[in-house]
Amino acid sequence: MPGLLRGVARTAVVAGTATAVSNRVSRRQAGRWAQQDAQQAGAYAEPAAPPPPAAPPAAAAPAAPTMEEKLDQLKELATLKEQGVLTDQEFAAQKARILGS
């Protein structure tokens, strides 16, 4: 019986040692993998967003309507007034707007 007990004890020691070593190797390897992942994540990280494009130059102010264009607009307004689409007050307001520009 002492030989059997000695064999079981030896097996327990060997198994315990093997488990401890295996766990330590696993933790060390996991640490290395985590470190590699962190380095690769830094290398493969998306680049910073590019700066927004410069604002386009301001559009040129629309050219003032010519006298002919103003006359055409006034004729259209007069037609709308005659048709009853515009009231006298609306006609006067639009006429002032056209002549003021």
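Scroll up to find the structure this text is about.
Please read these numbers as outputs of a predicted model, since none were measured by experiment.

(A) Up close: the overall build of the chain. Looking only at helices and strands, the chain features 3 helices and 0 strands. Secondary structure elements of the chain, listed N to C terminal, follow the sequence α-α-α. Counting all 101 residues of the chain, 6% fall into the buried class. Of the roughly 8,900 Å² that the chain leaves accessible, carbon and sulfur atoms contribute 61%.

(B) Representation of the nonpolar core. By size, the foremost hydrophobic cluster in this structure holds 5 residues: Leu-74, Leu-77, Leu-86, Phe-91 and Ile-98. Not counting chain neighbours up to four residues away, the residues in contact with Leu-86 comprise Leu-77, Leu-80 and Lys-81.

(C) Region of interest: the packing of aromatic side chains. The final tally for this structure, using the stated rule, is 0 aromatic pairs. The residue whose ring lies beneath Lys-81 is Phe-91, and the NZ or CZ to ring-centre distance is 5.0 Å.

(D) Local environment of the pattern of salt bridges. Here the structure, examined in full by the defined rule, presents 1 salt bridge. Taking the shortest distance from any N to any O, the salt bridge between Asp-88 and Lys-81 comes out at 3.3 Å. Lys-81 sits in the partly exposed class, given a relative accessible area of 33%.

(E) Here's a closer look at helix α2 (residues 67–83). Taking 1.5 Å as the rise per residue, α2 with 17 residues should run 24 Å; its terminal C-alpha atoms sit 24 Å apart, in good agreement. Every buried residue belonging to α2 is among Lys-70, Leu-74 and Leu-77, and all of these are buried. The buried residues of α2 all sit within an arc of 60° when viewed along its axis, so they share a single face. Among the exposed residues of α2, those pointing more than 90 degrees away from its buried face are Glu-68, Lys-75, Glu-76, Glu-82 and Gln-83.

(F) Here's a closer look at a negative patch on the surface. A cluster of acidic side chains, namely Glu-68, Glu-69, Asp-72 and Glu-76, defines a negative patch on the protein surface. You can see Asp-72 is positioned in helix α2. Among the residues examined, Asp-72 registers a relative accessible area of 42% and is labelled partly exposed.

Definitions and cut-offs
Residues numbered from 1 in each chain as written. Predicted model: local features only at pLDDT ≥ 70, side-chain atom pairs only at ≥ 80, totals over all residues. Heavy atoms only, no water. Helix = DSSP H or I, 4+ residues; strand = E, 2+ residues; numbered from the N terminus. Buried < 20%, exposed > 50% of the residue type's maximum accessible area, 1.4 Å probe, protein only. Areas by Shrake-Rupley, 256 points an atom, 1.4 Å probe, with all protein chains shown as cover. Core = buried A, V, L, I, M, F, W, Y, C linked by side-chain atoms within 4.5 Å. Contact = heavy atoms within 4.5 Å. Phe/Tyr/Trp six-rings, centres within 6.5 Å; stacked < 30°, edge-to-face > 60°. Lys NZ or Arg CZ within 6 Å of the ring centre and 35° of its normal. Salt bridge = Lys/Arg side-chain N within 4 Å of Asp/Glu carboxyl O. Expected span 1.5 Å × (residues − 1). Arc of directions from axis to C-beta. Patch = residues over 30% accessible without salt bridge, like charges linked within 9 Å, V, L, I, M, F, W, Y side chains within 5 Å. Lys, Arg positive; Asp, Glu negative; His and termini not counted. Charge placed at Lys NZ, Arg CZ, Asp CG, Glu CD.

Fair warning: the whole summary comes from geometry, so function is off the table for now.
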